[in-house]
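Next come the chains, spelled out residue by residue.
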Amino acid sequence: MKDTPEGGVQGEAVPLVPVASQGSQVPVECGTARNGTPRPTPAVPSSEDPGPEPHGPAPSGLTRVPAGLVVLVGPPASGKSSFVRALIARGLIDEDSVVSSDEIRAELFGTAPTEARTDAADARIFHERDRRIVARLAGGHTAVAESTNVTSRARTRLIAIARRFDSPVTVLRFDPDLDVLLEQHAERGRTDITAADVHAFASVMARHAGTDQLRSEGAHVVHDVPGRRQGVTPAEAATRFSFI
């Protein structure tokens, strides 16, 4: 089961997840996760060690992200996880605010890749992800949805949850050039995702995750996160954002 280059998802069921305290249900897209192999979060390279972040008023010129739902959009190896780790290391967001389908898959299935690749596993993973996002938004806290989210269907599910709580939706796009993306993929040394997979995800994003489309889907604001193409490390990119 995998995201198709056309932006859809093969072989998926769409269960419903009750929304806490709202008495309604939110459609859940299952199967957007790529490959069932658990993917432990790698450490930030020492050259990108963000170091401590001084407290105090935020400098002018920062991109301010309001409390609500933050949807990360980008192919594998585009820098999403490194950026999130840098935000956490600087105290800009709480670790608990990040809801990662990869981490949930590892929590639920550990090192059992065969079991984690089934449709039932995907349903369970995304049911749990939605539950955690609901809990954050219901409490008035920010929830960062960390997965590829390159398809409209994946984003629509998340935005539907945010609307139940009148939570603003901020989309952060990670869109490096293909050569940079493949270079970053090679550096990660991952075996569960191939270069062809990365290329396919990038193609889907190019067709289905432009700024205008993201806004038409319900994003209140869309920001591009700078990366290697701009000569910016994840740690440096993190300093350009302020979460309020």
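Conventions adopted
- Residues numbered from 1 in each chain as written.
- Predicted model: local features only at pLDDT ≥ 70, side-chain atom pairs only at ≥ 80, totals over all residues.
- Heavy atoms only, no water.
- pLDDT = per-residue confidence, 0-100.
- Contact = heavy atoms within 4.5 Å.
- Phe/Tyr/Trp six-rings, centres within 6.5 Å; stacked < 30°, edge-to-face > 60°.
- Helix = DSSP H or I, 4+ residues; strand = E, 2+ residues; numbered from the N terminus.
- Buried < 20%, exposed > 50% of the residue type's maximum accessible area, 1.4 Å probe, protein only.
- Arc of directions from axis to C-beta.
- Polar contact = N/O pair within 3.5 Å; in protein donor to acceptor, adjacent residues only side chain to side chain.
- Axes fitted to C-alpha atoms, helices over the stretch in contact; angles between N-to-C directions.
- Left-handed = near helix turned anticlockwise from the far one by under 90°.
- Nonpolar A, V, L, I, M, F, W, Y, C, P; charged D, E, K, R; others polar.
- Pairing = 2+ DSSP bridges.
- Expected span 1.5 Å × (residues − 1).
- Salt bridge = Lys/Arg side-chain N within 4 Å of Asp/Glu carboxyl O.
- Parallel < 35°, antiparallel > 145°, perpendicular 65-115°, else oblique.

Novice: Could you give an account of the confidence of the model for the protein chain, with specific residues and numbers?
Specialist: On average, residues of the protein chain carry a pLDDT of 80, and 74% of them reach 70 or more. Scored below 50 in pLDDT, residues 1-58 makes 140 contacts in the model with residues more than four places away or belonging to other chains.

Novice: Residues and numbers for the packing of aromatic side chains, please.
Specialist: In the structure shown here, the tally under the stated rule is 2 aromatic pairs. Measuring from centroid to centroid gives 5.5 Å for Phe83 and Phe241, while their planes differ by 80 degrees, and the two rings are edge-to-face. You can see Phe83 sitting in helix α1 (residues 80-89) and its partner Phe241 sitting in strand β9 (residues 241-243), a full 158 residues away along the chain. The burial state of Phe83 is the same as that of Phe241; both residues are buried. Among the aromatic residues, ring-to-ring pairing joins Phe83, Phe174 and Phe241 into one connected group.

Novice: Got a sec to walk through helix α2 (residues 101-109)? Specific residues and values, please.
Specialist: Turning to α2, its buried residues number three or more, namely Ser101, Ile104, Arg105 and Phe109. For α2, the angular spread of buried residues about the axis comes to 105 degrees, placing them on one side. Capping the start of α2 is the job of one residue whose side-chain oxygen sits 3.3 Å from the backbone nitrogen of Asp102: Ser100. One or two residues past the end of α2 sits Gly110, with phi positive at roughly 55 degrees.

Novice: Would you mind going over the packing of helix α6 (residues 178-188) against helix α7 (residues 195-208) in detail, with residue names and values included?
Specialist: Interaxial distance between α6 and α7 falls to 10 Å at its minimum, and their mutual angle equals 145 degrees. In this structure, α6 meets α7 at a crossing whose hand is right-handed. Residues Leu178, Leu181, Leu182 and His185 of α6 lie in contact with α7, whose contacting residues are Ala195, Val198, His199 and Ala202. In the contact of α6 with α7, the residues fall into 6 nonpolar, 2 polar and no charged.

Novice: Please give an account of the sheet that holds strand β6 (residues 143-146) that cites residues and values.
Specialist: Strand order in the open sheet formed by 5 strands is β5-β6-β4-β7-β8, and the pairing between neighbours is parallel. Only two strands of the sheet have a single partner each, and these edge strands are β5 (98-100) and β8 (221-224). Averaged over all adjacent pairs, the angle separating strand axes in this sheet is 20 degrees, with direction ignored. Bridge count between strand β4 (residues 69-73) and β6: 3 bridges; the pairing is parallel.

Novice: Any chance you could break down helix α5 (residues 152-164) for me, citing the residues and the numbers?
Specialist: Its 13 residues give α5 an end-to-end C-alpha distance of 19 Å, which sits within 8% of 18 Å, the value for a rise of 1.5 Å per residue. Following α5 by one or two positions, Asp166 has its phi on the positive side, about 55 degrees.

Novice: Give a description of the pattern of salt bridges that names residues and reports values.
Specialist: Under the criterion given, the structure shown has 12 salt bridges. Put simply, Arg131 and Glu128 hold a salt bridge, and the shortest N to O gap is 2.7 Å. With Arg131 and Glu128 both in helix α4 (residues 119-138), this residue pair falls 3 residues apart, about one helical turn. When its relative accessible area of 44% is taken as the criterion, Arg131 is described as partly exposed. Residue class for Glu128 comes out buried when judged on its relative accessible area of 16%. Ionic pairing is found between Arg157 and Asp130, a salt bridge with its closest N-O pair at 2.7 Å. One end of the pair, Arg157, is in helix α5; the other, Asp130, is in helix α4, and 27 residues separate them in sequence. Each member of the pair, Arg157 together with Asp130, is buried.

Novice: Requested: an account of the packing of α2 against α4, with residues and values cited.
Specialist: The interhelical angle for the contact between α2 and α4, taken along N-to-C directions, is 120 degrees, at an axis separation of 9 Å. Between α2 and α4, the interaxial angle falls into the category oblique. In terms of crossing hand, the pair formed by α2 and α4 is right-handed. Across the interface between the two elements, Ser101, Ile104, Arg105, Glu107, Leu108 and Phe109 from α2 touch Ala121, Asp122, Arg124, Ile125, Phe126, Glu128, Arg129 and Arg132 from α4.

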